[in-house]
Amino acid sequence: MSRSPATLDLQLHPKQGDALNSLATEALYGGAAGGGKSHLMRVAAILWCSAIPGLQVYLFRRIRDDLVKNHMEGPKGFRAILAGWALCGFATLVEDEIRFWNGAKIYLCHCKDEKDVYKYQGAEIHVLLIDELTHFTDSMYRFLRNRVRMVGVTIPDAYKGRFPRILCGANPGNIGHLWVKQTFVNSAEPMQVTLRPANDGGMVRQFIPARLEDNPSMGQDDPGYENRLEGLGSEALVRAMRWGDWDVVEGAFFDCWDRNRHVVRPFMIPRSWTRFRSGDWGSAKPFAFYWFAVVSDPIKAGDVLLPRGALVVYREWYGCQHGKDNVGLKLTAEEVGVGVHQRQEGDKPTYSVLDPAAFSHDGGPSIAERMNTGDRPADNKRVAGAGAMGGWDQMRSRFKGTEDGPMLVFFSNCLHAIRTIPALQHDQSRPEDLDSDAEDHAADAVRYGCMSRPWAAVGKSEKQRRPLDYAERLDDDDEEEVGDWRTM
């Protein structure tokens, strides 16, 4: 007996079913590649549209070509799934829109650039689906989440309290890795459903981890897929894509970062060491200030050898709102200047450099003049050119250091530098530069500091051959406590 064209095959596996039937109104599904994220979203969109007349579902990907290829074409795309309903007149596919007989609609949307979100400023989004959430910035997501609302739609009893809602899918990595990890993965235990406070969206949130094993259809349809994941070549990429490990960042701009090598516990900074400060200005976005000390003779900091000339970042002031990592404090230049002076009281740097943009004049005193912190304009060269090293090369070179040890380390209380710098990604149009849409304020400030003391690897000096243990070098007259409240 042949199947009616009006019958749809919308099968889901148990973990996908958990996401479909979740009581959470803001959910992230995924982690590893092959977990069935895209198929889940298509099935969910169709089921919800068929059950709720007038429902408006917005399905996003960052790039339109990816949206069409991933969700419209292929044996499991919308065209194939809905072919029977289209034949019967139950559904109509018109360009980037799918219309159902009951007035429900699926809109296929994309946001290539930050400004593209404003195309949806007036939208009433009942269901927001975002495929590959880590391709989006935090600000793009927050803007779209703000459009999620529902008025005048009758919700069946089986769905009451579950709409409006958001369902996203993602793999670790890319530009949004950091904020997605902070928002969904680290905010609660996996599968735990939590009500978020108003300043965090006020929705009921859940992270639903999924691996290849949770989507047996992939193994049946493509038996070699697992081997290709295992053979990606990069250990970090295998951990991220095969096992859904959010603690690794594949494609990181600073792929030489190693927490065990570049983060040290705070220690007493000798008074004889040269100290300086660098800063990146921000108001709506965070500002970032860092205090550096220059190692005068090789020492050990814990298990890390610090060669002569290494930079130790020992204090951080990062101006972001609590719980909103890429949102600034909106302090005035004068208030920031006072804060800088307070944090370095009794610890005056030899010199200080500041974001060159802070020295611009627009009819009145510049930001740098209003701060009154004695800064000079930083060297803002980002990438190498004309025989000179750029700031990113300086940072990368110092991270790699010498066989003796790294030439740039951070005290463990420099939380935002440690949080953001390892997660930064390459600019897709300029691979030698990093993607400035990400939270790059700490990196910019550290780059200014590195450019103020250019360094290139050379042969080991005699002193570098004989690093002294830190405890042997210091006495009571030659040390200073820097791990106090001013480091925060």
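A brief look at the structure comes next. Note that this is a predicted model, so its numbers are computed, not measured.

1. Comments concerning the layout of surface pockets
Next, step 1: The calculated volume of the largest pocket comes to roughly 940 Å³.
Next, step 2: H39, R42, K76, N215 and D221 are, among the 39 residues lining the largest pocket, the residues nearest its centre.
Next, step 3: Those elements that provide at least two residues to the lining of the largest pocket are α2 (37-51), α3 (64-72), α4 (78-81), α5 (83-88) and α8 (216-221).
Next, step 4: No other element matches the 4 residues that α2 contributes to the lining of the largest pocket.
Next, step 5: Residues belonging to the lining of the largest pocket are distributed by class as follows: 10 nonpolar, 17 polar and 12 charged.

2. Notes on empty space enclosed by the protein
Next, step 1: In total, this model carries 1 cavity of 30 Å³ or more according to the counting rule given.
Next, step 2: Taken as a whole, the largest cavity spans an internal volume of roughly 40 Å³.
Next, step 3: What lines the largest cavity is simply F184, S187, A188, E189, Q192, T194, R205, Q206 and F207.
Next, step 4: Of all the elements, strand β9 (residues 204-210) adds the most residues to the lining of the largest cavity, at 3 residues.
Next, step 5: When its residues are assigned to classes, the lining of the largest cavity shows 3 nonpolar, 4 polar and 2 charged.

3. Section: the packing of aromatic side chains
Next, step 1: Taken as a whole and judged by the stated rule, the model has 27 aromatic pairs.
Next, step 2: Considering the side-chain rings of F207 and W246, the 6.5 Å spacing of their centres and the 90° angle between planes classify their relative orientation as edge-to-face. Of the two residues, F207 is situated in strand β9 and W246 in the loop between α10 (235-241) and α11 (259-262); the sequence distance between them amounts to 39 residues. The same class applies to F207 and to W246, which are both buried.
Next, step 3: Arranged with centres 5.0 Å apart and planes meeting at 85°, the rings of F253 and F254 form a pair that is edge-to-face. Neither F253 nor F254 differs from the other in exposure class; each is buried.

4. A look at the side chain of D131
Next, step 1: Mapping D131 onto the fold places it in strand β6 (residues 127-131).
Next, step 2: Other than its neighbours up to four places away in sequence, D131 contacts S38, M41, F60, R61, N70, H71, F136 and G169.

5. A short note on the environment of E226
Next, step 1: Within the fold, E226 resides in helix α9 (residues 225-230).
Next, step 2: Along the sequence, E226 and Y351 sit 125 residues apart, while their C-alpha atoms lie 54 Å from each other.
Next, step 3: Those residues in contact with E226 that lie beyond four places of it in its chain are L212 and R242.

6. So, the packing of helix α14 (residues 391-400) against helix α16 (residues 441-451)
Next, step 1: Axis separation between α14 and α16 bottoms out at 8 Å; the angle between their running directions is 85°. Between α14 and α16, the angle falls in the class roughly perpendicular. Residues G391, W392, Q394, M395 and R398 of α14 lie in contact with α16, whose contacting residues are A443, D444, V446, R447, C450 and M451.
Next, step 2: In terms of residue class, the contact of α14 with α16 is built from 6 nonpolar, 2 polar and 3 charged.

7. Quick word on the sheet that holds strand β20 (residues 408-411)
Next, step 1: Strand order across the open sheet formed by 7 strands is β10-β20-β15-β12-β11-β18-β19, with mixed pairing between neighbours. Across the chains shown, the open sheet's two edge strands, defined by having one partner strand only, are β10 (263-264) and β19 (376-377).
Next, step 2: Sheet analysis places strand β18 (residues 351-354) next to β19, joined by 2 bridges and oriented parallel. Its bridge partner being in β19, L354 is matched across the sheet by P377.
Next, step 3: Against the sheet, helix α12 (residues 333-343) contacts β11 (274-280), β12 (288-294) and β15 (311-318), and its axis sits at roughly 135° relative to β15.

8. Digging into the pairing of β18
Moving residue by residue along a regular strand, the side chains alternate between the two faces of the sheet.
Next, step 1: Burial of β18 is two-sided: the residues Y351 and V353 facing one way and the residues S352 and L354 facing the other way are all buried.
Next, step 2: Looking at chain direction, β11 and β18 are connected through 4 bridges and run parallel. Each bridged residue has a counterpart across the sheet, and for S278 the counterpart in β18 is V353.

9. A look at the pairing of strand β1 (residues 26-31)
Next, step 1: With 6 of its 6 residues buried, β1 lies for the most part within the structure.
Next, step 2: Judged from the 6 bridges that link them, β1 and β9 form a sheet pairing that is parallel. In the strand pairing of β9, L28 is matched with F207.

10. Some words on the sheet that holds strand β7 (residues 165-170)
Next, step 1: An order of β3-β4-β5-β2-β6-β7-β1-β9-β8 is seen for the 9 strands of this open sheet, with the pairing classed as mixed. Of all the strands in the sheet, just β3 (91-94) and β8 (194-195) have a single pairing partner and so form its edges.
Next, step 2: Where β6 lies against β7, 5 bridges are found, and the strand directions are parallel. Its bridge partner lying in β7, I130 is registered against C168.
Next, step 3: Across the face of the sheet, α3 comes into contact with β2 (56-61), β3, β5 (105-110) and β6 while running at roughly 115° to β2.

About the thresholds
- Residues numbered from 1 in each chain as written.
- Predicted model: local features only at pLDDT ≥ 70, side-chain atom pairs only at ≥ 80, totals over all residues.
- Heavy atoms only, no water.
- 1 Å grid on protein atoms, 1.4 Å probe; cavity = no way out; pocket = protein on both sides within 12 Å on 5 of 7 lines; lining within 4 Å.
- Points joined across faces, edges and corners; volume = space filled by probe spheres on them.
- Helix = DSSP H or I, 4+ residues; strand = E, 2+ residues; numbered from the N terminus.
- Nonpolar A, V, L, I, M, F, W, Y, C, P; charged D, E, K, R; others polar.
- Phe/Tyr/Trp six-rings, centres within 6.5 Å; stacked < 30°, edge-to-face > 60°.
- Buried < 20%, exposed > 50% of the residue type's maximum accessible area, 1.4 Å probe, protein only.
- Contact = heavy atoms within 4.5 Å.
- Axes fitted to C-alpha atoms, helices over the stretch in contact; angles between N-to-C directions.
- Parallel < 35°, antiparallel > 145°, perpendicular 65-115°, else oblique.
- Pairing = 2+ DSSP bridges.

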